[in-house]
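Breakdown of the fold
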Amino acid sequence: ERKRTRDCDIYEDEEAKRSVMQRAAELLARLAKEYNLPSFVKCMLPSNVSQGFWLHLPKKFCTVNLPNEDTPVVLVDELGREHTTSYLLGRNGLSAGWRAFSMKHKLLKGDLLIFLLTEPCKFKVHIVRVNDIEVLFAALCLMDLRFSCEGNDSGCHSANSIDQFKDISGFEDFKIQLGGLILDSEMPKNIIAKYYNLCCSQRMFLHDHLINGLSTKLAVVMISETTNISEAVRSADVSTSLHHLECWEKTLKAFEDLGMAVGFIRNRLHKLLEILREAQSNNESKMTMRAQADHVSGNLETTLNVEALIGSLEAEIETLRWKNEKFEFEFRELARAPW
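Residues numbered from 1 in each chain as written. Predicted model: local features only at pLDDT ≥ 70, side-chain atom pairs only at ≥ 80, totals over all residues. Heavy atoms only, no water.

Within an unreviewed UniProt entry, the label attached to the chain reads TF-B3 domain-containing protein, and the organism entered is Erythranthe guttata. Here is the UniProt Subcellular location (unreviewed entry) comment for the chain, exactly as written: "Nucleus". (UniProt positions renumbered as here; feature names shortened; annotations may be inferred.)

**Some points on the sheet that holds strand 3 (residues 71–76)**
Picture the strands of a sheet paired through backbone hydrogen bonds; they go either parallel or antiparallel. In space, the seven strands of this open sheet follow the order 1-6-7-3-4-5-2, with mixed pairing throughout. The sheet is open, and its two borders are formed by strand 1 (39–43) and strand 2 (55–56), each paired with just one other strand. When strand 4 (residues 82–88) meets strand 5 (residues 93–94), the two strands line up antiparallel, connected through two bridges. Bridge assignment links Leu88 to a residue of strand 5, and that residue is Gly93. The strands touched by helix 2 (residues 14–35) within the sheet are strand 1, strand 6 (112–119) and strand 7 (122–128), with strand 6 carrying the most contacts at an inclination of about 15 degrees. (Pairing = 2+ DSSP bridges. Helix = DSSP H or I, 4+ residues; strand = E, 2+ residues; numbered from the N terminus. Contact = heavy atoms within 4.5 Å. Axes fitted to C-alpha atoms, helices over the stretch in contact; angles between N-to-C directions.)

**A word on helix 2**
Between its first and last C-alpha, helix 2 extends 31 Å over 22 residues, near the 32 Å set by a 1.5 Å rise per residue. By the burial criterion, the buried members of helix 2 are Ala16, Lys17, Ser19, Val20, Arg23, Ala24, Leu27 and Leu31. What you see down the axis of helix 2 is that its buried residues fit within an arc of 165 degrees, all on one side. Exposed residues lying more than 90 degrees from the buried face of helix 2 are Glu14 and Lys33. Two residues or fewer past helix 2, Asn36 is found with a positive phi of approximately 50 degrees. (Expected span 1.5 Å × (residues − 1). Buried < 20%, exposed > 50% of the residue type's maximum accessible area, 1.4 Å probe, protein only. Arc of directions from axis to C-beta.)

**Points about the nonpolar core**
The nonpolar side chains of soluble globular proteins are, as a tendency, buried together. Residues Phe174 and Met260 are the most contacted members of the largest nonpolar core, which totals 47 residues. Those elements that provide at least two residues to this core are helix 7 (189–202), helix 8 (216–235), helix 9 (242–257), helix 10 (263–299) and helix 11 (304–336). Excluding its chain neighbours within four sequence positions, the residues that come into contact with Phe174 are Phe165, Ile168, Asp184, Ile192, Tyr195, Tyr196, Cys199 and Phe205. Counting residues in each nonpolar core, the second largest holds 23 residues, with Phe40, Val49, Leu57 and Cys121 among its members. (Core = buried A, V, L, I, M, F, W, Y, C linked by side-chain atoms within 4.5 Å.)

**Brief notes about the environment of Ala24**
Residue placement: Ala24 occurs in helix 2. Sequence spacing of Ala24 and Leu112 is 88 residues, and the spatial spacing of their C-alpha atoms is 6.9 Å. Leaving out residues up to four positions away in the same chain, Ala24 has contacts with Leu112, Ile114 and Val128.

**A word on helix 7**
Over its 14 residues, helix 7 runs 20 Å from end to end, which matches the ideal 20 Å to within 8%, given 1.5 Å per residue. Listed in full, the buried residues belonging to helix 7 are Ile191, Ile192, Tyr195, Tyr196, Leu198 and Cys199. Each buried residue of helix 7 lies within a common arc of 165 degrees when the element is viewed along its axis, so the set occupies one face. Among the residues trailing helix 7, Arg203 stands out with phi positive, at a value near 55 degrees.

**Observations regarding the packing of aromatic side chains**
With the rule as written, the count across this model stands at twelve aromatic pairs. Look at Phe40 and Phe115: their rings are 4.8 Å apart centre to centre, the planes differ by 10 degrees, and that puts the pair in the stacked class. Remark: Phe115 occurs in strand 6 and Phe40 occurs in strand 1; sequence separation between them is 75 residues. Residue Phe40 is classed as buried on the basis of its relative accessible area of 7%. What links up through ring pairs into an aromatic cluster is the set Phe165, Phe171, Phe174, Tyr195, Tyr196 and Phe205. One cation-aromatic arrangement involves Arg91 over Trp54; the distance from NZ or CZ to the ring centre is 3.8 Å. Positioned above the aromatic ring of Phe53, the side-chain terminus of Arg99 is 5.0 Å from the ring centre. (Phe/Tyr/Trp six-rings, centres within 6.5 Å; stacked < 30°, edge-to-face > 60°. Lys NZ or Arg CZ within 6 Å of the ring centre and 35° of its normal.)

Below, the structure written as structure tokens:
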């Protein structure tokens, strides 16, 4: 009997598991609200991404939504690229073509894939990466876009003028354009509204100098992610994972390399990272001092010298506690400040 794969065999730690599942749940909720299409979620196992390259689909979903015979199934990725795979009825899964899809998208064990059935035998696939979608996807974007740019003789700068933003008198005049195409229909209205406010804060279109050859799908992802990261930064506090802040910064760096004007968000992230690193170092010192005080108190008889030592340690702990409060205040004030 085959041994069932456990979570501990897939995810390195609880934080990684919790992070990818939370992001997948948020994305799935948004997709369900926007499209109301049949869907399912698959967690990538070693057999899906590194050995065997076979993807088993939920049997109930297949019975209700897929043909009662072997048939080609098309997977459409987030950039609109189509990949044909073979669906085998007898095994309720994808065989030929899945390996190419997995390798093309650099899927890893623990990644969560959301499958939306947009047409008969055609799925839109959204990838939520265990190693933070922002960093890995941004790296993939960078490779794809550099390739596109190399084959474009017109250079790597948008023809749009930043001065065009001066003509925007309100939200009703705000249109997100790339190469003459309006992208508003590709994004939720709440994202457009938030992006409008972000552009207003800098009095410019942040996407105005995206490189030529950029696909509209990729531009939509970058604009949406920039907006989401800006919101996440303003909602952060000292309990936010240092890893998350570093991922946001790396993602924005990749976007900036592609022409997105996100330097003002990166500058704030740099300052927040400095405060958070100091706060964590301070907290570690406080914990060390507390352990020393508890050790002294619990292992030595009470004497004047010991009482003096404990008093000194408690005073240092209090100083470190006060510094923690100071870091928390500085972090919160900086994070919440308007752009």
